[in-house]
Amino acid sequence: SRKWSRALSIVKEFEEKCGTPIGKLRQLGDAMDVEMHAGLASEGGSKLSMLISYVDNLPTGDEEGLFYALDLGGTNFRVLRVHLGGKEKGVIGQEFDEVSIPPHLMTGSSEGLFDFIAAALAKFVESEPEVFHPPSGKLRELGFTFSFPVKQTSISSGTLIKWTKGFSIEDTVGEDVVGELTKSLEKIGLNMRVAALVNDTIGTLAGGRFYDQDVIAAVILGTGTNAAYVERAHAIPKWKGLIPKSGDMVINMEWGNFRSSHLPLTGYDQDLDAESLNPGEQIFEKLLSGMYLGEIVRRVLLKMAEEAEFFGDTVPPKLKIPFILRTPDMSSIHHDTSPDLKVVGNKLRDILEISNTSLKTRKIVVELCDIVATRGARLAAAGILGILKKIGRDTVKAGEKQKSVIALDGGLFEHYTKFRVCLEETLKELLGDEAADTVVVKHANDGSGIGAALLAASHSQYL
Ligand code: ADP
Ligand code: MG
């Protein structure tokens, strides 16, 4: 029918605009490399802030003692306790607790959020075995993974530049987040010192390095997306401090804010951005991270419902609700292998209250998920290519046998199999066989928590 072909043409047009041919991905890798240089050259020199982390030494494996970590960066936060046993014993034990953040605290007051976190941490500390209680006068030490853009002022302090990923609390912006947390800890009398402030990419890099000395970069694909890597300190013109003994400095790229004319942006992406909490910002993140993938699919489906009666002669009301289609549900739809696409049918019914969908309708829905996930995964691969280019590891030099391991983490990478496989295949394709043999993408399962605890250990005031 005419309506059906109209629906198909909306999908086709969307697919064309989402196209990521290998040549375009190479241009994006080059653009990422160029922006990395610019961001390292001067403050504000690029959309990539290329933040200096003050981490100039990554874990060696010798770290010892009991350390805490706190991971705030999305809809949940985690508290961890890690018992490190040094070279021989490694991680002896670890326990964690996960708490979801009530949505009203994500847009309320700074005090409200940090009081809530401090209270959860205090409750977790209560379960500490007595043998580990610190002697009087000694403070417990904590690595604080705070995954929002921070202008670091030392290893253990930094001011919030802006919120992302659905957080929006005006009075925290410009404040030292360690100061905010410390105030709340003191208020409830919890004796703990923040020894290291990092974000999840730095934590993942540190955790990855603890287990594998070839780890040179970390990428997070979760609610948001970001990357960190090890740079040579003398290649950072904006760094005015001393060159560290290691010669290295870890850089938090804040790559979610990457932007380039080569990015395949569609009208749907432009509308999503315009209606977001942070219009004009985090454009790369809005194309590929877990917070947004399902929402992009919803927007295309809504257009098809409105302009081509894709779900019948009325537009399903639920389809008009922003963010109602979450990326984990999109992933279930995309991975449905049943002959009648039963999972797709159930998801459409349960989430969008659209019942009795035909098989051919379901197939189109799956195809849309594929278009959106494929674009995102391929863009992520192009970003990784950019990092490898920047540090000269995208090609194999004659006689050299260096290995480059990239630690990947985040719920999207971990659970969205088709996304992960597409990312890995695209990276191989971009590198070519020879260089691809030297680059390994490794899932660092919750490396960020352990990484923060490790950095707290290596920056302990009792060393
Ligand atoms: P955060 O990024 O908030 O720190 P995670 O790394 O755990 O937390 O990532 C959570 C995100 O991962 C969710 O917001 C969601 O977008 C994505 N995600 C979780 N489970 C799945 C899944 N099964 N399929 C696809 N994406 C998922
Ligand atoms: Mg996280």
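So, here's what we can say about the structure.

The rules behind each value
Residues numbered from 1 in each chain as written. Chains lettered and ligands numbered in written order. Predicted model: local features only at pLDDT ≥ 70, side-chain atom pairs only at ≥ 80, totals over all residues. Heavy atoms only, no water. Core = buried A, V, L, I, M, F, W, Y, C linked by side-chain atoms within 4.5 Å. Buried < 20%, exposed > 50% of the residue type's maximum accessible area, 1.4 Å probe, protein only. Helix = DSSP H or I, 4+ residues; strand = E, 2+ residues; numbered from the N terminus. Contact = heavy atoms within 4.5 Å. Expected span 1.5 Å × (residues − 1). Phe/Tyr/Trp six-rings, centres within 6.5 Å; stacked < 30°, edge-to-face > 60°. Lys NZ or Arg CZ within 6 Å of the ring centre and 35° of its normal. Near = heavy atom within 4 Å. Polar contact = N/O pair within 3.5 Å; in protein donor to acceptor, adjacent residues only side chain to side chain. Areas by Shrake-Rupley, 256 points an atom, 1.4 Å probe, with all protein chains shown as cover. Nonpolar A, V, L, I, M, F, W, Y, C, P; charged D, E, K, R; others polar.

## Describing the nonpolar core
Most often, soluble globular proteins keep nonpolar side chains buried together rather than apart. Counting residues in hydrophobic clusters, the biggest one holds 89 residues, and the most contacted among them are Leu221, Tyr229, Met253, Trp255 and Met304. Of the residues forming this core, the biggest block, 17 residues, is contributed by helix α13 (residues 359–390). Those residues in contact with methionine 304, other than ones at most four positions away along the chain, are Ala7, Ile10, Val11, Glu309, Phe310, Ile364 and Leu368. With 35 residues, the next largest nonpolar core counts Ala118, Ala120, Phe144 and Val150 among its residues.

## Thoughts on α13
Between its first and last C-alpha atoms α13 spans 47 Å; for 32 residues at 1.5 Å apiece the expected length is 46 Å, and the two agree. Where α13 ends, the next residue or the one after it, glycine 392, has phi of about 65°, a positive value.

## Remarks on the side chain of threonine 20
Structurally, threonine 20 can be placed in the loop between α1 (2–17) and α2 (22–41). Overall, the relative accessible area of 9% leaves threonine 20 in the buried class. Ignoring any residue separated from it by four or fewer positions in sequence, one finds threonine 20 in contact with Leu25, Pro264, Arg375, Arg378 and Leu379.

## Re the packing of aromatic side chains
Under the counting rule described, the total for this entry stands at 17 aromatic pairs. Centre to centre, the rings of phenylalanine 146 and tryptophan 163 are 5.7 Å apart; their planes meet at 65°, and the pair counts as edge-to-face. With phenylalanine 146 in strand β5 (residues 140–146) and tryptophan 163 in the loop between β7 (157–160) and α6 (177–187), the pair connects residues that are 17 residues apart, well separated along the chain. The exposure classification of phenylalanine 146 matches that of tryptophan 163, with both residues buried. Among the aromatic residues, ring-to-ring pairing joins Phe144, Phe146, Phe148, Trp163 and Phe167 into one connected group. Across from the ring centre of phenylalanine 96, 4.1 Å away, lies the NZ or CZ of arginine 78, which sits over that ring. Lying across the ring of phenylalanine 148, lysine 165 places its NZ or CZ 4.8 Å from the centre.

## Side note on the site of ligand 1
Taken together, 14 residues lie near ligand 1, and Thr223, Gly290, Gly410, Gly411 and His415 sit nearest. Contact between ligand 1 and threonine 223: an oxygen atom at 2.6 Å from a side-chain N or O atom of the residue. Separating an oxygen atom of ligand 1 from a backbone N or O atom of glycine 411 is a distance of 2.9 Å. Protein contact buries 71% of the 560 Å² of open area that ligand 1 shows by itself. Partitioning the shell around ligand 1 into residue classes produces four nonpolar, ten polar and no charged.

## Regarding the environment of histidine 262
Along the chain, histidine 262 turns up in the loop between β11 (248–252) and α8 (267–274). Taking relative accessible area as the criterion, histidine 262 reaches 26% and is therefore assigned partly exposed. Residues histidine 262 and alanine 206, 56 residues apart in the sequence, show an inter-C-alpha distance of 32 Å. Residues contacting histidine 262, with those up to four places away along its chain left out, are Lys24, Gln27 and Leu28.

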